[in-house]
Amino acid sequence: MGLRARGAPIFHGPMVSTDRLLAFAALSFLLIVVPGPSVLFVIGRALAHGRRAALTTVVGNTLGAYLLVVAVALGVGSLVERSVLVFTTLKLAGAAYLVYLGVKAWRRRGSLRAAFAGEEAAPHSGLRTLWEGFAVGVANPKTIVFFAAVLPQFVDREQGHVTSQMLLLGLVFNLIALASDSVWGLVAATARDWFARSPRRLSAVGGVGGLTMIGLGVTVAVTGRKD
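Small disclaimer: the values here were computed from a predicted structure and weren't measured.

Quick notes on the rules
Position labels on residues start from 1 in each chain and follow its written sequence. Thresholds applied to this predicted model are a pLDDT of at least 70 for local features of residues and 80 or more for the giving and counting of side-chain atom pairs; totals over whole chains, interfaces and linings are not thresholded and use all residues. Working from all heavy atoms in the structure, the side-chain values ignore hydrogens and water. Take the buried Ala, Val, Leu, Ile, Met, Phe, Trp, Tyr and Cys residues and link them wherever side-chain atoms come within 4.5 Å; each set so joined is a nonpolar core. A 1.4 Å probe rolled over the protein chains alone gives each residue an accessible area, and that area as a share of the maximum for its type sets the label: buried under 20%, exposed over 50%, partly exposed in between. Helix numbers and strand numbers start at the N terminus; a helix is a DSSP run of H or I with at least 4 residues, a strand a run of E with at least 2. By definition, residues are in contact when any of their heavy atoms lie within 4.5 Å. Residues form patches when they are more than 30% accessible in relative terms and have no salt bridge. Like charges link within 9 Å. Nonpolar side chains (Val, Leu, Ile, Met, Phe, Trp, Tyr) link within 5 Å. Residue-level accessible areas treat just the shown protein chains as cover; the underlying method is Shrake-Rupley with a 1.4 Å probe. One speaks of a salt bridge when a side-chain nitrogen belonging to Lys or Arg is within 4 Å of a carboxyl oxygen belonging to Asp or Glu. For every element, the axis is a line fit to its C-alpha atoms; helices are fit only across the contacting stretch, and the angle between N-to-C directions ranges from 0 to 180 degrees. By convention the crossing between two helices is left-handed if the near helix lies anticlockwise of the far one by an angle smaller than a right angle, and right-handed if it lies clockwise. Note on residue classes: Ala, Val, Leu, Ile, Met, Phe, Trp, Tyr, Cys and Pro are nonpolar, Asp, Glu, Lys and Arg are charged, and everything else, Gly too, is polar.

**Regarding the nonpolar core**
Among the nonpolar cores identified, the biggest contains 21 residues, and Phe24, Phe146, Phe147, Leu151, Leu169 and Phe173 are the most heavily contacted of them. Where this core is concerned, the elements lending two or more residues are α1 (18-32), α3 (51-82), α7 (141-149) and α8 (162-190). Per-element accounting of this core gives the leading share, five residues, to α3. Sequence-distant contacts of Phe24, that is, excluding residues within four places in its chain, are made with Phe146, Leu151, Phe154, Leu169 and Phe173. With ten residues, the next largest nonpolar core counts Val42, Ala46, Leu47 and Val58 among its residues.

So this is what it looks like as structure tokens:
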């Protein structure tokens with residue numbers, strides 16, 4: 001068929017260029033490290049039930065988040081790909097929501113102690129803990145917005161296999177999230193007293209997280225497709 005573009009892969013397949021993959025991984029990392037609903041839930045499980053519950057919650061959370069990737073790749077993603085109007089509307093709505101979450105986190109940075117404080121409770125079964133993590137992962141608004149509004153921007157439509165590219169990028173996101181959330185859970189389980197005794201530390205976490213989310217929302221709003 002036509003001439004192959006410089007830098008394109010020699011063989012056909014669900015390829016994502018290295019620069020797109022690295023850019024998506026970097027943006028994913030910035031979103032993931034901000035303590036959001038999933039991270040707070042993992043930390044709560046760690047403080048209330050310990051290390052095993054925290055890691056089980058992380059696994060369930062990751063499975064739930066990847067289900068969102070599949071949904072976007074098979075349905076919403078295709079709609080967004082075909083319509084600039086839908087994409088722009090969704091992107092701006094997502095950016096506004098991220099800014100809203102950032103402002104909310106900033107304003108409530110002093111009240112994070114209640115979210116981090118975990119009272120000792122009866123141990124959960126592994127399946128129940130996994131399911132709770134899964135439910136939080138599926139319902140996480142920050143992740144929904146990111147996958148629906150940002151993920152399609154990193155797909156190379158000229159390479160084809162749009163669905164496969166989204167699934168691959170989503171896998172990268174979830175591997176980063178799995179590692180990051182596991183660290184949060186392990187740190188919280190190990191240093192539960194250190195967190196609980198310092199409202200000032202908790203306030204700093206909320207403040208930095210809120211400002212970072214606001215910055216991410218602004219970035220999403222001013223970047224992306226121009227076609």
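**Side note on a nonpolar patch on the surface**
A contiguous nonpolar patch, built from Val59, Leu63, Leu168, Leu171, Leu175 and Leu178 and spanning about 480 Å² of accessible area, is present on the exposed surface. Sorting the residues of the nonpolar patch by element identifies α3 and α8 as the ones contributing at least two each. The element best represented in the nonpolar patch is α8, accounting for four residues. Topologically, Val59 is positioned in helix α3. With a relative accessible area of 41%, Val59 lands in the partly exposed category.

**Focus: the packing of α1 against α8**
The packing of two helices is summarised by the inter-axis angle and the distance between the axes. Two numbers describe how α1 lies on α8: the axes approach to 9 Å, and their chain directions differ by 40°. Judged by the sense of rotation from one axis to the other, the crossing of α1 with α8 is right-handed. Contacts from Leu21, Phe24, Ala25, Ser28, Phe29, Leu31 and Ile32 of α1 reach α8 at Leu169, Val172, Phe173, Ile176, Ala177, Ser180 and Asp181. A class-by-class count of the residues in the contact of α1 with α8 yields eleven nonpolar, two polar and one charged.

Purely geometric numbers; function is a separate question.
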